[in-house]
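Structural overview
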Amino acid sequence: MAAKAFGIVTSTPRRVNVYGLQDYRPAGAFTFIGKFRVIDFPISNFSNSGIKNIQVYLNKHPKALTDHLGTGRSYNLNSKRDRLQLFYCNHHMENEVYNTDVSDYLDNLHHLEDLPQEYVIIAPCYMVYKQDFSTLLDDHILSGADITMLYHRVNNARDHFLNCRVMGVDQDQMVTSLEINRGNRQNQCVFMDTYILKKSLFIDLVQRTAKYSSTYSLSQMLSVLIKREEYEIRGVQHKGFFASVDDLQSYYESNLSLLDPKNARDLFQDGWWIYTRTTDSNPSRIYDTATVKNSMIANGCQVEGTVENSVVGRAVHIGKGAVVRNCVILDHARIGDGVTLDSQIVDKYAQIIRTKEIIGTPGQPGYVHRADRL
Amino acid sequence: MKQGNMLAMILAGGRGSRLHELTDKVAKPAVSYGGKYRIVDFPLSNCANSGINIVGVLTQYESVLLNSYVAAGSRWGLDSDDAGVFVLTPREKADSGLDVYRGTADAISQNIDFIDQYNPEYLLILSGDHIYKMNYDKMLQAHIEQGANATIAVRPVPIKEASRFGIMNTNEDGDIVEFEEKPAHPKSNLASMGIYIFTWKDLRKLLISDMKDPDSDHDFGKNIIPTMLAENKKLIAYRFEGYWKDVGTIDSLWEANMDLLDEKDELDLSDPTWRIYSEDASSLPAYIGPDAVLDRVYLTQGTQVEGTAKNSVLSTLSQVKAGAKVIDTVLMPNAKVEEGATVTRAIVASGVKIGKGAVVGSADSENIILVSKNVKGVE
């Protein structure tokens, strides 16, 4: 059966701001639990749902994602009927406020108009979750609603998800409000920036938004339209693991939260593979001097020291007597002999040799820049 | 053929019966090694890295798995328009019946039509059960520079052990003057690695006459090489010095896995200029639980260790549950050691489960135990 929908993976929105990491790559290209990129999750969701026409919008540092995604072969998108399109949009360098998803879509309007699918499913590049979009689409069509929005119930919204929008949903699952999370309540329905609508309505909304304000994003426009009650907008609750990678703290916490086997089992299920581009790294070697507890280790590593409660990316070297606790270490980093790290995010290719101790706290993790030598 | 004028044929041989039940369902080249690889990844990656685009894999004992595995040439980058990996099993032909491959040379003879399609200048013959990294292009350069009819890769072995190998006796120029299969009194310590480069038009003629010879064993070592020497053809020895291991038996397969734990790391699978390509599992990275103990372990993505692993190689999606111990052992993909079980000096075959509390193998066993069937737990 031909898919009734195509997919869009959005560019990094303005409100996503991950200290340090985002200087080098867009949020979708962040390494996640050692071997994945954040964008692998939305694209694998699409591919596993049989939605194999996917548009990916990029607005800054496109190289990281063009390299990673390529033609989509790693995502099982390599038949002649599949298509992974990358759109690079960055027309307003001089003024950030103009860089919205709406401007991305306007620049590529004819590529949207040309697609034969009746529906579009939009998913963000910076959120990690598992969702079968084909059942979500079927439910959307059955419900007769104009738009279906996906949300996740959380109980820690006072100090988490502060860069996200939260929704009001009534007893009939109709969306009654959409606004920025101002941290005034713990229990909230966090909008997952994921929604389904007809392509014709989508294009209509894009054009309406542009007329309303040149700096508005689609979700800002949706806030206005929900208040006006112009459309029938339905909320659907997502269940299972959910993470929004929108600042350094959430990046850190979401990586480490996958050390909980319950979360890992929830996100990684047989038959719902999360695809990524292989690097053909060799397996990792754990030496007799090493101690490894409650950690994830990607391939290509050499571990001679101690690793606890940490996520270690590919081809990382942890020297003799080094202690790495509560850390997220990215690919090709080198932690020298006798170095102690606690609660740090160490970016790719960083080498910590001469500085013997860097201590943060899980509530305020430190960040070591890409390729820095310490 | 646009790039390179050498075609490679991998002699994947028969079932590899010395690997016992490991080859019940898969042909020997598809046997797992080193956590994430299969044996055939080595010659195939060497070919890809050496710029060889067309590779035939010759096997009598075809398995669906080997066929589908190598047919996805994309794993080794051998999937562009002018590249490919082909499994070649004995075929029924219009002018002859269905013959099994009667020997290593016959396997090539029966596929002359396949080779001719690509019209190569040189033919590289490889074996499917060796673990090593080698640049075949350098070997070809030696073959061309010295104007050889055949070039045979050799490696020095301890002279005490030389009588176990096919030994090449060379003159001071490195020309092979004599070939002795397992000599009682070896004159040299240069052992054949079963890797040959032939100038194809020379070999083609020899193969056609060998096919018709009723007394021939149709074997490269026994027939083709001696015939060439008798005809005063130029055969040269090409010395190889790096890591090389024959993994034709359970013990040697285990040893080759254990070599990966060695700090000297002679094979060096991490070399970015000579990657060994393989299939990639869409799994989590290796997960090591809060109470796990790891001591000299080689492990790959998808493994889960909650118990103890010592001096062991843990393959894709293998599991060591809480309280279990895995010592001096290779867990092949999907092998599971349940709570409280102990496995020592063993290879646990793919998908095999060692039940709760079971004890398998012992530290002082002479040989490595192959565990190819589920072992019941002790309740």
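Residues numbered from 1 in each chain as written. Chains lettered and ligands numbered in written order. Predicted model: local features only at pLDDT ≥ 70, side-chain atom pairs only at ≥ 80, totals over all residues. Heavy atoms only, no water.

Read across the open sheet, the 10 strands follow the order β28(A)-β25(A)-β22(A)-β19(A)-β16(A)-β14(B)-β16(B)-β18(B)-β20(B)-β22(B); overall the sheet is mixed. Each of the sheet's edge strands pairs with one partner strand only, and the pair in question is β28 (366-368) of chain A together with β22 (353-354) of chain B. Here two bridges tie strand β20 (residues 336-337) of chain B to β22 of chain B, and the two strands are oriented parallel to one another. The partner of K336 of chain B across the bridge, within β22 of chain B, is K353 of chain B. (Pairing = 2+ DSSP bridges. Helix = DSSP H or I, 4+ residues; strand = E, 2+ residues; numbered from the N terminus.)

Residues and elements named next belong to chain A. With parallel pairing, five strands are arranged side by side in an open sheet as β15-β18-β21-β24-β27. In the strand order of this sheet, the two ends are held by β15 (291-293) and β27 (357-359), each with one partner. Each strand of the sheet is rotated relative to its neighbour by a mean of 5 degrees, with strand direction disregarded. The sheet contact formed by β15 and strand β18 (residues 306-308) spans three bridges and is parallel. Within β18, the residue paired with T291 across the bridge is T306. (Axes fitted to C-alpha atoms, helices over the stretch in contact; angles between N-to-C directions.)

All chains considered together, the criterion is met by 20 salt bridges over all chains. The partner of D175 of chain B in a salt bridge is K234 of chain B, with the nearest N and O atoms 3.1 Å apart. Here the residue D175 of chain B occupies a position in the loop between β9 (166-170) and β10 (176-181), and K234 of chain B occupies one in the loop between α7 (220-230) and β12 (235-239), the gap between them amounting to 59 residues. We note a salt bridge from E178 of chain B to K187 of chain B, for which the minimum N-O separation is 2.8 Å. Ionic contacts of the salt-bridge type, sharing partners, join the residues R208, R228 and E230 of chain A into one network. (Salt bridge = Lys/Arg side-chain N within 4 Å of Asp/Glu carboxyl O.)

What follows covers the domain arrangement of chain A. Residues and elements named next belong to chain A. Split by domain assignment, chain A resolves into domain 1 (2-267) and domain 2 (285-368). Taking only C-alpha atoms, the centre of domain 1 and the centre of domain 2 are 32 Å apart. Between domain 1 and domain 2, a total of about 1700 Å² is buried, with carbon and sulfur atoms accounting for 65% of that surface. Among the residues domain 1 hides against domain 2, the three largest losses belong to G34, Y252 and L259. Together they make up 36% of the total. Taken together, the connections running from domain 1 to domain 2 amount to one salt bridge. Of the charged contacts, one joins R25 and D347 as a salt bridge, the two residues approaching to 2.7 Å between their closest N and O atoms. (Domains from an automatic or database assignment. Buried area = accessible area lost by both parts, 1.4 Å probe.)

A word on helix α7 (residues 218-228) of chain A. All names here are of chain A. Extensive coverage of α7 is indicated by the burial of eight of its 11 residues. Regarding α7, the residues found buried are L218, S219, M221, L222, S223, V224, L225 and I226. Two residues or fewer after α7 comes E229, characterised by a positive phi angle close to 55 degrees. (Buried < 20%, exposed > 50% of the residue type's maximum accessible area, 1.4 Å probe, protein only.)

What follows covers the interface of chain B and chain A. Residue-level contacts link 38 residues of chain B with 31 residues of chain A. Each partner contributes to the roughly 2900 Å² buried at the junction of chain B and chain A, and carbon and sulfur atoms together form 49% of this total. Interface area lost by chain B to chain A is led by S282, L284 and P285 of chain B, which between them contribute 20%. There are one salt bridge connecting chain B and chain A. In this structure, R285 of chain A and D265 of chain B form a salt bridge, with 3.1 Å as the shortest nitrogen-oxygen distance. At the junction of chain B with chain A, the criterion picks out 17 residue pairs in polar contact (both at pLDDT 80 or more). Every element with two or more residues in the side of chain B that touches chain A is listed here: β14 (286-288) and β15 (293-299) of chain B. Of all the elements, β15 of chain B adds the most residues to the side of chain B that touches chain A, at seven residues. (Contact = heavy atoms within 4.5 Å. Polar contact = N/O pair within 3.5 Å; in protein donor to acceptor, adjacent residues only side chain to side chain.)

Here we come to unusual backbone geometry. Residue and element names in this part refer to chain A. For D193, which is not a glycine, the phi torsion comes out positive at approximately 55 degrees. Along the polypeptide, D193 turns up in strand β11 (residues 188-198). A positive phi angle, near 60 degrees, is found at A371, a position not held by glycine. Residue placement: A371 occurs in the segment after β28.

One can find A230 of chain B in helix α7. Linking A230 of chain B and L317 of chain B, residues 87 residues apart in sequence, is a C-alpha distance of 53 Å.

With that settled, consider the environment of N263 of chain A. All names here are of chain A. Its location among the elements puts N263 in helix α9 (residues 261-267). Taking the C-alpha atoms as reference, N263 lies 43 Å from K211; in sequence the two are 52 residues apart. Residue contacts for N263: discarding those within four places in its chain leaves F241, S257 and L258. Within the local environment of N263, its side chain forms a polar contact with the backbone oxygen of S257, the two atoms lying 2.9 Å apart.

A separate point is the nonpolar core. Formed by 112 residues in total, the largest nonpolar core has its most connected members in I329 of chain A together with Y33, M134 and I354 of chain B. Of all the elements, helix α8 (residues 250-259) of chain B adds the most residues to this core, at five residues. Leave out the neighbours within four places in its chain, and Y33 of chain B touches R38, I39, F42, I131, L253, A256, N257, L260 and L267 of chain B. Counting 71 residues, the second-largest nonpolar core is a separate cluster that includes F36, V38, F46 and M127 of chain A. (Core = buried A, V, L, I, M, F, W, Y, C linked by side-chain atoms within 4.5 Å.)

Another aspect to go through is the confidence of the model for chain B. Put simply, chain B has an average pLDDT of 89, and 95% of its residues get 70 or more. Both confidence scores are given for the complex: pTM 0.92, ipTM 0.92. (pLDDT = per-residue confidence, 0-100.)

Here the focus is the packing of helix α6 (residues 200-212) of chain B against α7 of chain B. Residue and element names in this part refer to chain B. Packing of α6 against α7 brings their axes to within 11 Å, and their N-to-C directions diverge by 120 degrees. Overall, the two elements α6 and α7 adopt an arrangement that is oblique. The hand of the α6/α7 crossing is right-handed. When α6 is examined against α7, the residues L203, L206, L207 and D210 are found in contact with a partner set consisting of F220, N223, I224, T227 and M228. (Parallel < 35°, antiparallel > 145°, perpendicular 65-115°, else oblique. Left-handed = near helix turned anticlockwise from the far one by under 90°.)

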